[in-house]
Amino acid sequence: ETGVTQTPRHLVMGMTNKKSLKCEQHLGHNAMYWYKQSAKKPLELMFVYNFKEQTENNSVPSRFSPECPNSSHLFLHLHTLQPEDSALYLCASSQGPGPYSNQPQHFGDGTRLSIL
Amino acid sequence: DAKTTQPNSMESNEEEPVHLPCNHSTISGTDYIHWYRQLPSQGPEYVIHGLTSNVNNRMASLAIAEDRKSSTLILHRATLRDAAVYYCILRNNAGNMLTFGGGTRLMVKP
């Protein structure tokens, strides 16, 4: 059983819709991540939050807007997406940077997003 | 991050050992070698990691070459549930990010 829960598991939306993906962890971790996995491409890191502060934005378009209200929750707000944004969006958590930076990342099972 | 090279796919028979290779010739002294796997319809799952010495845990063993330019993930008895994509990743001790490559798709035949 994963310690990282993502909802919804599947989402179909039109290009003009606004929706949000949710990620929750109760592992006591201080770092949370969003990744994108497109068909036949490696996982791409999108955002990193350490201690609720965004420390990495991997040149992600502004139509993706992350939010980290506390160390246990991470959201990805979606607005005016394009068909090429259809992908599996994965959330992960881990201990923060520093002496524990090599501790494993724990992944959720993702949200499968389809843009019509 | 230094890059890794893995075969695109490998096949194994059930209940036989599997050796998954990874080349990382540009590894730096502070890079740890991490392995994750991704089962169908699931997120990636941590398998094992090491720096210089060989490592064992309940899932697998990690054999690291003396010059650290390559490593091998060893599954001692493959099961059908081990069919997955296995990722070899170098992770610098200074940061907490992972950079995934294409991985090796392991197929296990009954």
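Check the entry above for the structure.
Computed from a predicted model, the values in this text were never measured in an experiment.

Reading the values: the criteria
Residues numbered from 1 in each chain as written. Chains lettered and ligands numbered in written order. Predicted model: local features only at pLDDT ≥ 70, side-chain atom pairs only at ≥ 80, totals over all residues. Heavy atoms only, no water. Buried < 20%, exposed > 50% of the residue type's maximum accessible area, 1.4 Å probe, protein only. Helix = DSSP H or I, 4+ residues; strand = E, 2+ residues; numbered from the N terminus. Pairing = 2+ DSSP bridges. Disulfide = S-S within 2.5 Å. Salt bridge = Lys/Arg side-chain N within 4 Å of Asp/Glu carboxyl O. Contact = heavy atoms within 4.5 Å. Polar contact = N/O pair within 3.5 Å; in protein donor to acceptor, adjacent residues only side chain to side chain. Nonpolar A, V, L, I, M, F, W, Y, C, P; charged D, E, K, R; others polar. Core = buried A, V, L, I, M, F, W, Y, C linked by side-chain atoms within 4.5 Å. Axes fitted to C-alpha atoms, helices over the stretch in contact; angles between N-to-C directions. Phe/Tyr/Trp six-rings, centres within 6.5 Å; stacked < 30°, edge-to-face > 60°.

Enquirer: Got a sec to walk through the pairing of strand S2 (residues 10-13) of chain A? Specific residues and values, please.
Expert: All names here are of chain A. Only one face of S2 is covered, namely the one carrying Leu 11 and Met 13; the face carrying His 10 and Val 12 has none of its residues buried. Of the strand pairs in this sheet, S2 and strand S11 (residues 111-115) are connected by four bridges, and their pairing is parallel. Across the sheet, His 10 pairs through a bridge with Arg 112, a residue of S11.

Enquirer: How would you sum up the state of the cysteines? Please name residues and give values.
Expert: With the rule as written, the count across this model stands at two disulfides over all chains. The residue that forms a disulfide with Cys 22 of chain B is Cys 88 of chain B, at a sulfur-sulfur distance of 2.1 Å. Around the S-S axis, the bridge from Cys 22 of chain B to Cys 88 of chain B shows a dihedral of about -85° and counts as left-handed. Note that Cys 22 of chain B is positioned in strand S2 (residues 18-23) and Cys 88 of chain B in strand S8 (residues 84-92), a separation of 66 residues in sequence. Judged by relative accessible area, Cys 22 of chain B falls into the buried class, the value being 1%. Sulfur of Cys 68 of chain A: no disulfide; nearest cysteine sulfur belongs to Cys 91 of chain A and is 9.0 Å away.

Enquirer: Pulling in residues and values, what's your account of the pattern of salt bridges?
Expert: Two side chains bearing opposite charge may form a pair once their charged atoms approach each other closely. All names here are of chain B. One pass over the full model with this rule turns up seven salt bridges over all chains. Taking the shortest distance from any N to any O, the salt bridge between Lys 109 and Glu 11 comes out at 3.2 Å. Taken as a pair, Lys 109 in strand S9 (residues 104-109) and Glu 11 in strand S1 (residues 9-13) lie far apart in primary sequence, 98 residues in all. You can call Lys 109 partly exposed: its relative accessible area is 37%.

Enquirer: Tell me about the interface of chain A and chain B, and please be specific about residues and values.
Expert: On the side of chain B, 21 residues touch chain A, which itself brings 25 residues to the contact. Linking chain A with chain B are zero salt bridges. Where chain A packs against chain B, one counts four residue pairs in polar contact (both at pLDDT 80 or more). Looking at the side of chain A that touches chain B, the elements with two or more residues in it are strand S4 (31-37), strand S5 (44-50) and strand S9 (87-94) of chain A. The element that contributes the greatest number of residues to the side of chain A that touches chain B is S4 of chain A, accounting for four residues. When the residues that make up the side of chain A that touches chain B are grouped by side-chain class, the tally is 12 nonpolar, 10 polar and three charged.

Enquirer: Could you give me a rundown of the nonpolar core, with the residues and numbers involved?
Expert: In terms of nonpolar packing, the biggest core is built from 22 residues, with Trp 34, Phe 64, Leu 76 and Leu 78 of chain A touching the most fellow members. Those elements giving two or more residues to this core turn out to be S2, strand S3 (18-25), S4, S5, strand S7 (64-70), strand S8 (73-79), S9 and S11 of chain A. Of all hydrophobic cores here, the second largest spans 21 residues; its members include Ile 48, Ile 64, Tyr 86 and Leu 90 of chain B.

Enquirer: Describe the sheet that holds S3 of chain A, listing the residues and the values that go with them.
Expert: Residues and elements named next belong to chain A. Pairing is antiparallel in the open sheet, where four strands are placed in the order S1-S3-S8-S7. Edge strands, defined here as strands with exactly one partner in the open sheet, are strand S1 (4-7) and S7. Strand-to-strand twist across the sheet, computed as the mean angle between neighbouring axes with direction ignored, equals 20°. Pairing between S3 and S8: seven bridges, direction antiparallel. Of the residues in S8, the one forming a bridge with Lys 22 is Phe 75.

Enquirer: Got a sec to walk through the sheet that holds S9 of chain B? Specific residues and values, please.
Expert: Through backbone hydrogen bonds, the strands of a sheet pair up, either in parallel or in antiparallel fashion. Residues and elements named next belong to chain B. Sheet architecture is open: five strands sit in the order S1-S9-S8-S3-S4, paired in mixed fashion. Both outer strands of the open sheet, S1 and strand S4 (45-50), are each paired with one neighbouring strand and no more. Ignoring strand direction, the axes of neighbouring strands in this sheet form an average angle of 25°.

Enquirer: Would you mind going over the packing of aromatic side chains in detail, with residue names and values included?
Expert: Scanning the entire structure with this criterion turns up nine aromatic pairs over all chains. Centroid distance Tyr 35 of chain A to Phe 100 of chain B: 5.8 Å. Interplanar angle 90°. Geometry classified as edge-to-face. Residue Tyr 35 of chain A is located in strand S4, and its partner Phe 100 of chain B is located in the loop between S8 and S9; the two belong to separate chains. Grouping residues by exposure puts Tyr 35 of chain A and Phe 100 of chain B together as buried. Ring centres of Tyr 87 of chain B and Phe 100 of chain B lie 5.1 Å apart, and the angle between their planes is 90°; on these two criteria the pair is classed as edge-to-face.

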